[in-house]
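Here is how the chains run, residue by residue.
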Amino acid sequence: MTATGLTTIGFIGAGNIGGQLARLAVAHGYSVVISNSRGPETLEALVAELGPQARAATPAEAAKAGELVVVTVPLKAYEAVPVEPLAGKTVIDTNNYYFERDGRIPALDEGRTTVSQMLQEHLPTSTVVKAFNNIMAADLTTDGAPAGTADRRALPIAGDDAAAKALVTTLLDEFGFDAVDAGPLADSWRFERDRPAYVVRMTAADIPAKLAAAGTRP
């Protein structure tokens with residue numbers, strides 16, 4: 001039995017973060033259904049590495065199969081995330097805004113919304129929680145430690161639903177990290193790119209000051 005009580009995690013996106021999270025999930029007893037924009041056949045090597053608990057699928061199939069689904073695609077592709085099969089599900093958003101890749105998005109540049117609020121608006125029948133966006137992919141499988149370990153690494157999360165954040169907190173703990181609630185999705189920018197809490201190692205005690213140090217948006 002997994003700590004969350006769930007059995008299957010779906011992945012929409014199978015890049016660095018997605019692949020590492022899939023490895024963690026399989027290591028902790030989950031089945032994973034992974035997808036990308038290029039087709040299941042391009043994921044054969046990753047599936048072979050992950051073993052019998054993994055299979056490749058289309059994004060819609062991964063969305064349908066996962067009891068919990070991780071969206072880890074370039075921000076510019078977020079509108080391609082399937083909506084209907086994610087209805088009623090908790091969705092983890094790992095995305096960050098890189099204008100060099102995604103193009104300029106005025107609503108983000110002007111501080112009128114956040115990356116995760118954009119995904120939540122796209123998925124009105126799902127519950128989005130921001131997590132895993134402020135850690136280097138390689139650290140996901142090396143920096144985890146059992147609960148209670150001194151100086152255990154912590155990661156901030158953000159979301160608008162307490163139950164969904166509790167579920168993601170349990171998953172992070174299972175994967176070896178403390179979770180610190182950074183507030184609603186409207187505050188998720190505080191641990192995105194170029195902010196003090198972005199891709200730095202922090203304990204739970206460190207995170208509040210790092211979030212506060214982000215200051216105010218434009």
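Residues numbered from 1 in each chain as written. Predicted model: local features only at pLDDT ≥ 70, side-chain atom pairs only at ≥ 80, totals over all residues. Heavy atoms only, no water.

*Asks:* Let's hear about the pattern of salt bridges: which residues, and what values?
*Replies:* Enumeration according to the criterion identifies 13 salt bridges in this entry. Lys130 is the partner of Glu192 in a salt bridge, and the nearest nitrogen-oxygen pair spans 2.8 Å. Pair noted here: Glu192 is in the loop between strand E8 (178–181) and helix H9 (207–212) and Lys130 is in strand E6 (residues 127–130), with a separation of 62 residues, a long-range link. Residue classification places Lys130 among the buried residues on the basis of a relative accessible area of 0%. A salt bridge links Asp181 to Lys165; the nearest nitrogen and oxygen atoms lie 3.0 Å apart. Residue Asp181 is located in strand E8, and its partner Lys165 is located in helix H8 (residues 162–175); the two are separated by 16 residues in the primary sequence. Note on Lys165: relative accessible area 12%, which makes it buried. Members of the salt-bridge network, linked through shared partners, are Asp93, Lys130 and Glu192. (Salt bridge = Lys/Arg side-chain N within 4 Å of Asp/Glu carboxyl O. Helix = DSSP H or I, 4+ residues; strand = E, 2+ residues; numbered from the N terminus. Buried < 20%, exposed > 50% of the residue type's maximum accessible area, 1.4 Å probe, protein only.)

*Asks:* Break down unusual backbone geometry for me, with residues and values.
*Replies:* Positive phi outside glycine occurs at Asp151, with the angle close to 60°. Note that Asp151 resides in the loop between helix H7 (137–140) and strand E7 (154–159). Notably, Asp194 is not glycine yet its phi reads approximately 70°, a positive angle. Within the fold, Asp194 resides in the loop between E8 and H9.

Just distances and angles here, no functional claims.
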